[in-house]
Amino acid sequence: MVPTAENFDVVVIGGGPGGYAAALYGASAGLSIALVEKGTIGGTCLNVGCIPAKELLETAAVRRAISSAAEFGLRTSEPELDFSVTQIRKQSVIDGLVAGLTGLLAKRKVTVFDGVGTLGAGHVVSVSGGASGEIELHGDAVILASGSVPRVIGGFDVDGATVVTSDELLSLQSLPASAVVIGGGAIGCEFASMMSDLGTRVTILEALPQILPGCDEDITRVVLRSFKQRGIDVRTGVKVSGHELQFTGGTTVTFGDGESVTVDMVVVSVGRRPLSEVLGLSGTAVQVADSGHVMVDERCRTGEPGVWAVGDLIATPALAHVAFAEGMLAIRDLLGEDPPPIDHSRVPWCIYCHPEVSFVGHSEASARAAGFDVVVSKHRYAGNGRALILGEPEGMVKVIAERDEDGSAGRILGVHMVGPWVTEQLGQAYLAVNWDARVDDVAAFIQPHPTLSELFGESVLALTGRSLHG
Ligand code: NAI
């Protein structure tokens with residue numbers, strides 16, 4: 001205990017999903033909480049990540065809906081994009097959520113400090129460089145949740161105009177006529193999809209043989225086909241060598257075997273790196289790996305007793321909802337509740353490009369690689385009434401189940417989806433996989449009709465050896 005420091009049950013460094021979840025959940029359990037944030041409450045997710053990205057993708061969805069209006073008997077004129085208005089709407093959604101979150105933290109009596117928090121010996125967190133001035137806090141427990149920043153690559157200096165990361169792209173006042181997206185992961189595919197639907201000519205350059213690493217190949221194939229049909233040039237298995245700014249504007253990006261493309265903008269989306277270097281940590285036993293991740297055990301405990309780390313700062317899936325879960329896990333652990341660890345191999349994944357992708361658990365390939373004998377069921381939205389009504393028949397649900405000794409389908413190992421609103425349909429698949437449900441258990445449940453989610457029920461039912469429509 002340091003006499004000069006203000007004392008709290010828990011001091012949380014970082015006000016993103018990991019940090020604010022720990023603060024809200026801890027406060028609801030009666031703990032006194034300090035939350036230190038150097039930027040805006042809500043972190044990457046709310047300010048420069050999930051929320052703004054999905055908000056801009058919604059503009060693309062509206063654009064697509066208008067484009068197909070004539071099919072529904074609605075004559076419209078060609079829509080004209082004013083991206084500055086799009087940005088105003090995006091910002092108002094963010095502002096509303098930040099205000100709501102700030103109000104919630106105040107209501108739960110979480111004390112928020114504005115500044116950079118660094119952890120030293122004895123659980124002392126020094127706050128500096130912000131509106132809260134220079135101050136020392138002491139936490140009986142400390143939770144590190146400083147998040148991540150975009151990873152950059154050599155030869156591509158981010159200038160916010162010709163070369164951007166997600167941080168800058170999300171605030172552009174107008175979209176470029178053409179762009180190269182380096183990296184075909186979740187961020188790259190979401191941005192490529194959004195920009196293409198709003199009129200940008202997009203090329204994706206991905207080093208691996210496949211875009212969307214971790215997705216089942218059948219699912220990726222559907223995304224790839226849609227991207228190609230919409231004019232997105234997807235180049236996989238290519239190494240980007242550099243770029244040269246052009247006098248006439250834009251830049252020429254070289255890649256692969258001497259190939260090049262000249263575009264107005266380069267979007268670097270090659271992953272994110274943990275932001276651990278701001279945390280101080282001298283005089284503590286907190287260990288940081290070469291990757292920059294803070295090292296933790298299965299309950300998010302660092303090497304320093306009484307100090308936990310959660311969210312993008314640790315080497316678990318960099319997803320806001322995983323950070324929420326880790327924030328709550330840390331609180332339960334420090335309360336001595338003996339919480340079960342998170343099974344990070346079975347967390348939900350949702351990617352909001354068009355068509356949307358969602359999945360949980362094993363893909364067919366990863367299940368086979370893990371030694372499972374599997375039975376697979378695939379059903380397409382083209383046979384689903386609601387999808388046809390929406391005019392979105394593209395996509396499928398794929399269920400991967402373990403083959404029992406008698407040859408029938410048993411435990412559900414994974415569910416992978418691509419198509420309309422699949423990010424909203426993953427819930428029951430998530431529960432099935434994480435409750436180790438068997439095909440027969442799930443097939444017995446009724447799916448409401450007509451819904452998109454019937455396709456999941458239909459895909460599971462088919463694994464019983466009998467079926468309705470599929
Ligand atoms: P990522 O790691 O998912 O994908 C990056 C891609 O870039 C990989 O496919 C990689 O092979 C490729 N790459 C790396 N270096 C390259 C190079 N020099 N040339 C060409 N390709 C290269 O990272 P991403 O998409 O930037 O996302 C960062 C994190 O944020 C991820 O952990 C992701 O899960 C999370 N995220 C999740 C979203 C969602 O769930 N909807 C949305 C956005 C981000």
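Look above for the structure.
Caption draft 1: Highlighting the sheet that holds strand β20 (residues 374–380). Taken in spatial order, the 5 strands line up as β18-β19-β22-β21-β20 in an open sheet, and their pairing is antiparallel. Either end of the sheet is taken by a strand with one partner, and the two such strands are β18 (349–351) and β20. When strand polarity is set aside, the average angle formed by the axes of neighbouring strands in this sheet is 15°. Sitting on the sheet, helix α7 (residues 217–229) touches β19 (356–361), β20, β21 (396–403) and β22 (409–419), and the angle it makes with β22 is about 10°.

Caption draft 2: A look at the site of the ligand. Neighbouring the ligand are 25 residues, the closest being Ile-187, Glu-190, Glu-206, Gly-271 and Cys-350. Between the ligand and Ala-186, the relevant distance is 3.1 Å, taken from an oxygen atom to a main-chain nitrogen or oxygen of the residue. Within the side chain of Glu-206, an N or O atom sits 2.6 Å from an oxygen atom of the ligand. Protein coverage of the free-state accessible area of the ligand, which is 840 Å², stands at 78%. Put simply, the parts of the chain that give the shell around the ligand at least two residues each are α6 (186–197), β10 (201–206) and β18. Residue classes in the shell around the ligand are distributed as 16 nonpolar, 5 polar and 4 charged.

Caption draft 3: Just the environment of Gly-391, in detail. On the secondary structure map, Gly-391 appears in the loop between α10 (385–390) and β21. Taking the C-alpha atoms as reference, Gly-391 lies 45 Å from Phe-247; in sequence the two are 144 residues apart.

Parameters and conventions
Residues numbered from 1 in each chain as written. Predicted model: local features only at pLDDT ≥ 70, side-chain atom pairs only at ≥ 80, totals over all residues. Heavy atoms only, no water. Pairing = 2+ DSSP bridges. Helix = DSSP H or I, 4+ residues; strand = E, 2+ residues; numbered from the N terminus. Axes fitted to C-alpha atoms, helices over the stretch in contact; angles between N-to-C directions. Contact = heavy atoms within 4.5 Å. Near = heavy atom within 4 Å. Polar contact = N/O pair within 3.5 Å; in protein donor to acceptor, adjacent residues only side chain to side chain. Areas by Shrake-Rupley, 256 points an atom, 1.4 Å probe, with all protein chains shown as cover. Nonpolar A, V, L, I, M, F, W, Y, C, P; charged D, E, K, R; others polar.

So, to be careful, I would describe these as geometric facts and stop short of saying anything about function.
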